[in-house]
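# Inside the fold
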Amino acid sequence: MTDAPSNLFYQSRNPRPFLDRGEGIYLFDQSGKRYIDGSSGAMVSNIGHSNPRVLAAMKAQMDRSTFGYRLHFRTEASEALATKTAQMMPGDLDRVFFVSGGSEAVESAVKLARQYAITQGQQSRWKVISRFPSYHGCTLGALDLTGYDPLARPFDPMMRGMPKIPAPATYLDRDNLTEHDRGLKYAEMLREKILAEGPDTVLAFIMEPVGGASTGALVAPDSYYGRIREICDEFGILLIYDEVMTGAGRTGRFLAAEHWGIVPDIVALSKGFGAGYVPLGATVAPARLVEPILDAGGFLHGFTYAGNPLACSAGLAVLEELETQGLIDNAAAMGEVLIGRLQGLMERYPFIGDVRGKGLLTAFEFVADRDTMEPLPVGLNAHSRLVEIAYEHGLITYSRRTRGGVAGDHFLVAPPLIISEAQIDEIMEILVESLDAFASETGLGTGT
Ligand code: PMP
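Residues numbered from 1 in each chain as written. Predicted model: local features only at pLDDT ≥ 70, side-chain atom pairs only at ≥ 80, totals over all residues.

## Brief notes about the overall build of the protein
- Helix and strand content of the protein: 13 helices and 15 strands.
- A compact globule built from 448 residues should have a C-alpha radius of gyration of about 22 Å, and the protein, at 22 Å, falls within 12% of that.
- Projecting the C-alpha coordinates of the protein onto the three principal axes gives extents of approximately 65 × 60 × 40 Å.
- When burial is assessed residue by residue, the protein has 51% of its 448 residues classed as buried.
- A separation of at least 24 residues holds for 74% of the contacts in the protein among residues at least 6 apart in sequence. (Helix = DSSP H or I, 4+ residues; strand = E, 2+ residues; numbered from the N terminus. Rg over C-alpha atoms; globule rule 2.2 N^0.38 Å. Buried ≥ 20, exposed ≤ 12 C-beta atoms within 10 Å, placed from the backbone. Contact = placed C-beta atoms within 7 Å.)

Pasting the structure below:
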């Protein structure tokens, strides 16, 4: 197959090989080369590739209908997926609005919050505070919440400039506080921002419970989560959890929020929710928010493909797979194993400064010096170089360099939740080969 330059705008002048097929945690290109999908694509393929039960459910739905516009028909698939999603969500989060991706889920959450505030006579509330760095999507509304300069700055004049607070810099922060107090310190920044903006102008606060593309699996101190919930309640501000990456079992719970016993007011889901079988996402909220909006005439929002039966049949089969195969518990157990193995790498590679994560969303970070925690020079482009070397060795991973002083180069390892311990060892074997090659190429060397 030859390249078709009219297809997309290739980000790289060196396009990737053509994908042939997927099977469990593996992908194969057209030359027959096998890759371990060590990052589930972009933390998407949570139940692995070509799951026969999901494919059968999709085929059965396809044989009946693939589309019926939501204003013309209800479909059994979307009703069943909404019911199943509500069952799996914590607390009172039981109203589900389907979308086709993460940015749409975030935008829908924000517009839902705004319409709810209007029903409460709070027209003055419109600001959504988010964190820096963060990633919430690339459509203009979601981008305005995203704290990632390289993507956002060119579009500044076209956005409102939503207020931001720093994301907890648990690793690089040089204060002398305990973990507990550091969590409270960062939560306090929300309170200060709300006061500075004027509490009656603030609609919501949005956060990724565990950083993804933004900070590389950075987890805040436990004290942060509960205090943020309290501050939102104190000012009547809606708490939106962007669980696009962390949701659907990735961190070892259905929602990452459950690790801290938090019930957000609105949750955005995507990625693992459709698990790569279909473009699918959802915005989930409790009846207490949704009913007043319906009473006032309905949600002024919606996408043509939302809730289509084919996507919903796949989504339902994915959630059933998570449940019947015990994949969320497996993610918790295998996450422990993976973190342990990654920590083991620190002995051999002095340039790995931190290992972190929750469940199967794990990462390590490169440093020039563990004592000073100074990052590697930008020019080394360490994170993307290691991704390339691992790719050549047959391991797919995901990396970024965070700007904003919260973290440096990070390297994410987030395999499908179906992974076994033996397969984690396969990942580690390739990772060690790749790190050895990286250490000698860069002259960084190994510790042994
Ligand atoms: N929120 C988070 C936390 C994400 O990680 C992403 C995607 N990386 C998005 C939103 C946007 O999702 P999408 O690319 O499907 O629009």
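## What to know about the environment of Ile206
- For Ile206, the position within the fold is in strand S7 (residues 202–207).
- Distance from Ile206 to Thr146, taken between C-alpha atoms, is 9.9 Å for residues 60 residues apart in sequence.
- Among residues more than four places away in sequence, those in contact with Ile206 are Val128, Ser130, His136, Leu145, Ile240 and Asp242.

## Side note on the site of the ligand
- The ligand sits among 15 residues. The nearest are Gly101, Gly102, Ser103, Gly137 and Val244.
- Along the lines of polarity and charge, the residues of the shell around the ligand split into six nonpolar, seven polar and two charged. (Near = placed C-beta within 6 Å. Nonpolar A, V, L, I, M, F, W, Y, C, P; charged D, E, K, R; others polar.)

## Let's talk about the pairing of strand S4 (residues 95–99)
- In terms of burial, S4 is a largely internal element, five of the five residues being buried.
- Residues of S4 alternate between two faces, with Arg95, Phe97 and Val99 on one and Val96 and Phe98 on the opposite face, all of them buried.
- In this structure, S4 lies alongside strand S10 (residues 281–285), joined through five bridges in antiparallel fashion. Residue pairing across strands places Phe98 opposite Ala282, the latter belonging to S10. (Pairing = 2+ DSSP bridges.)

## Brief notes about the sheet that holds strand S11 (residues 352–358)
- Taken together, four strands build an open sheet; the order of strands is S11-S12-S15-S14 and the sheet is antiparallel. Every interior strand has two partners, whereas the edge strands, S11 and strand S14 (398–401), have only one. Averaged over all pairs of adjacent strands, the angle between strand axes in this sheet comes to 20°, irrespective of strand direction.
- Bridge count for S11 against strand S12 (residues 361–366) is six bridges, and the pairing is antiparallel. By the bridge assignment for S12, Ile352 is matched with Phe366.
- Against the sheet, helix H12 (residues 382–392) touches S12, S14 and strand S15 (409–413), its axis set at about 165° to S14. (Axes fitted to C-alpha atoms, helices over the stretch in contact; angles between N-to-C directions.)

## Side note on the nonpolar core
- Counting 126 residues, the largest nonpolar core has Ala113, Ala204, Phe205 and Ile240 as the members making the most contacts within it.
- Sorting elements by how many residues they give to this core places helix H10 (residues 309–324) first, with nine residues.
- Taken domain by domain, the makeup of this core includes at least three residues from each of domain 1 (19–50 + 326–442) and domain 2 (53–324).
- Ignoring any residue separated from it by four or fewer positions in sequence, one finds Ile240 in contact with Ala109, Ala113, Ala204, Phe205, Ile206, Pro264, Asp265, Ile266 and Ala268. (Core = buried A, V, L, I, M, F, W, Y, C linked by C-beta atoms within 7 Å. Domains from an automatic or database assignment.)

## Points about the sheet that holds S4
- Strands sit in the order S4-S10-S9-S8-S7-S5-S6 across an open sheet of seven strands; the sheet is mixed. Strands with a single pairing partner mark the edges of an open sheet, and in this sheet they are S4 and strand S6 (164–166). Shown here is a sheet whose adjacent strand axes are inclined to one another by a mean of 20°, direction ignored.
- Taken strand by strand, helix H4 (residues 102–119) contacts S4, strand S5 (127–132), S7, strand S8 (238–242), strand S9 (266–269) and S10, and its axis lies near 25° from that of S10.

## A closer look at the packing of H12 against helix H13 (residues 421–442)
- Contact pair H12 / H13: the axes reach a minimum separation of 9 Å and the direction vectors enclose 125°. The pairing of H12 with H13 is recorded here as oblique in orientation. Regarding H12 and H13, the two cross each other, and that crossing is right-handed. Between H12 and H13, the contacting residues are Arg385, Leu386, Ile389 and Ala390 on the first element and Ile430, Leu431, Ser434, Ala437 and Phe438 on the second.
- Partitioned by chemical class, the residues of the contact of H12 with H13 number seven nonpolar, one polar and one charged. (Parallel < 35°, antiparallel > 145°, perpendicular 65-115°, else oblique. Left-handed = near helix turned anticlockwise from the far one by under 90°.)

## Looking at helix H7 (residues 179–197)
- In a regular helix each residue adds 1.5 Å, so 19 residues correspond to 27 Å; H7 covers 28 Å between its end C-alpha atoms and thus fits that length.
- When we look at burial in H7, the residues that qualify are Arg182, Gly183, Tyr186, Ala187, Leu190 and Ile194. The arc that holds every buried residue of H7, seen down its axis, measures 145°, which confines them to one face. Opposite the buried face of H7, at more than 90 degrees from it, the exposed residues are His180, Asp181, Glu192, Leu195 and Ala196.
- Among the structural elements, S5, S6, S7 and helix H8 (222–235) are those in contact with the buried residues of H7.
- Gly198 lies just past H7 and shows a positive phi near 100°. (Expected span 1.5 Å × (residues − 1). Arc of directions from axis to C-beta.)

## Brief notes about the domain arrangement of the protein
- Entries for the protein in the domain assignment read domain 1 (19–50 + 326–442) and domain 2 (53–324).
- One C-alpha centre belongs to domain 1, the other to domain 2; they are set 26 Å apart.
- Opposite the 33 residues of domain 1 that make contact, domain 2 presents 37 residues.
- Residue assignment for the side of domain 1 that touches domain 2 shows that the elements contributing at least two residues are helix H1 (40–43), helix H11 (327–348), S11, S12 and S15.
- Looking at the side of domain 1 that touches domain 2, the element that brings in the most residues is H11, giving five residues.

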